[in-house]
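# Residue-level structure breakdown
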Amino acid sequence: MAAPTSRSALRRTALILALVVGGVPAVAQESANQSANQSANQIASNQTVSEVVLIPNRVIYPGETVELGALKQVTLLPGKHKPDAMATRAEELQGKVAKRTLLPGRYIPTAAIRDAWLVEQGAAVQIYFTAGGLTISASGVTLQPGAAGDLVKVRNLDSGKIISGTVMADGTIKVSAT
């Protein structure tokens, strides 16, 4: 069995040889091989720029908020591009909620994430109807959860009627005439 220092030197040599021959690693090396990464990055900087994407580094379960700590940054092979309909940038993922299980090392489909709910089902909300200078407000209870901009059903507490309205950024519901 080889000593740990000779293994590290062997890995570093193999990486440099692979880079010189033209093969670039598909993903960024982990922090254990940072010194090898620095020399590899210097060599790789002379080649074409690769696309950098974010993927989960652990299982993210449905209903869990996606945090940057649960993601790792990887570099794609030169010439390779991420598939369409995949969320791979921090601004696309930060604060979103997983709709299904997200596995480590896999791309994150945009259909598998959603905005965090602004109003939960059963929450007491204010309902507003505005037409010109007239504004009518009422109290209601949401019948389904929703994020800002979502159309949700709300029960008017005074009349008992069920109406649909749009969730606003402040958590109120705006209804319009139909």
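Residues numbered from 1 in each chain as written. Predicted model: local features only at pLDDT ≥ 70, side-chain atom pairs only at ≥ 80, totals over all residues. Heavy atoms only, no water.

### Let's talk about the overall build of the protein chain
- When you go through the protein chain residue by residue, the secondary structure sums to three helices and eleven strands.
- Listed by position from the N terminus, the elements making up the protein chain come as α-α-β-β-β-α-β-β-β-β-β-β-β-β.
- Within the protein chain, the proportion of its 178 residues that are buried is 26%.
- When contacts within the protein chain are restricted to residue pairs at least 6 apart in sequence, those whose partners lie at least 24 apart make up 44%.
- Summed over all atoms, the accessible surface of the protein chain reaches about 11,200 Å², with 55% contributed by carbon and sulfur. (Helix = DSSP H or I, 4+ residues; strand = E, 2+ residues; numbered from the N terminus. Buried < 20%, exposed > 50% of the residue type's maximum accessible area, 1.4 Å probe, protein only. Contact = heavy atoms within 4.5 Å. Areas by Shrake-Rupley, 256 points an atom, 1.4 Å probe, with all protein chains shown as cover.)

### Structural notes on the packing of aromatic side chains
- The full count for this structure, using the stated rule, is zero aromatic pairs.
- The side chain of arginine 114 reaches across the aromatic face of tryptophan 117, ending 3.9 Å from its centre. (Phe/Tyr/Trp six-rings, centres within 6.5 Å; stacked < 30°, edge-to-face > 60°. Lys NZ or Arg CZ within 6 Å of the ring centre and 35° of its normal.)

### Describing the pattern of salt bridges
- Summed over the entire model, instances satisfying the criterion amount to four salt bridges.
- Lysine 96 is the partner of aspartate 115 in a salt bridge, and the nearest nitrogen-oxygen pair spans 2.4 Å. Here aspartate 115 is found in the loop between β6 (113–114) and β7 (124–131), whereas its partner lysine 96 is found in the loop between α3 (90–93) and β4 (97–98), with 19 residues between them in sequence.
- Residue class for aspartate 115 comes out partly exposed when judged on its relative accessible area of 39%. (Salt bridge = Lys/Arg side-chain N within 4 Å of Asp/Glu carboxyl O.)

### With respect to the pairing of strand β9 (residues 151–156)
- Of the two faces of β9, only the one carrying Val152, Val154 and Asn156 is buried; Leu151, Lys153 and Arg155 on the other face are not.
- Summarising the sheet, strand β8 (residues 134–142) and β9 pair through three bridges and their orientation is antiparallel. Residue threonine 142 lies in a different strand from β9, and its bridge partner there is valine 154.
- As judged from the five bridges shared by β9 and strand β10 (residues 162–167), these two strands associate in the antiparallel manner. Across the sheet, the residue bridging to leucine 151 is threonine 166, located in β10.
- Between the antiparallel neighbours β9 and β10 lie five residues, among them glycine 160 with a positive phi of about 80°. (Pairing = 2+ DSSP bridges.)

### A few points about the environment of lysine 82
- Mapped onto the elements, lysine 82 comes out in the loop between β2 (71–75) and β3 (86–87).
- Linking lysine 82 and glutamate 51, residues 31 residues apart in sequence, is a C-alpha distance of 7.9 Å.
- Residues in contact with lysine 82, not counting those within four places in the same chain, are Glu51, Val53, Leu76, Thr88 and Tyr107.

### Overview of the confidence of the model for the protein chain
- With 72% of its residues at a pLDDT of 70 or more, the protein chain has an overall mean of 79.
- Per-residue pLDDT, averaged within each element of the protein chain, yields its smallest value for helix α2 (residues 34–44) (46) and its largest for β9 (96).
- Per-residue pLDDT stays below 50 along residues 22–47; that stretch engages in 30 contacts with residues further than four places along the chain or on separate chains. (pLDDT = per-residue confidence, 0-100.)

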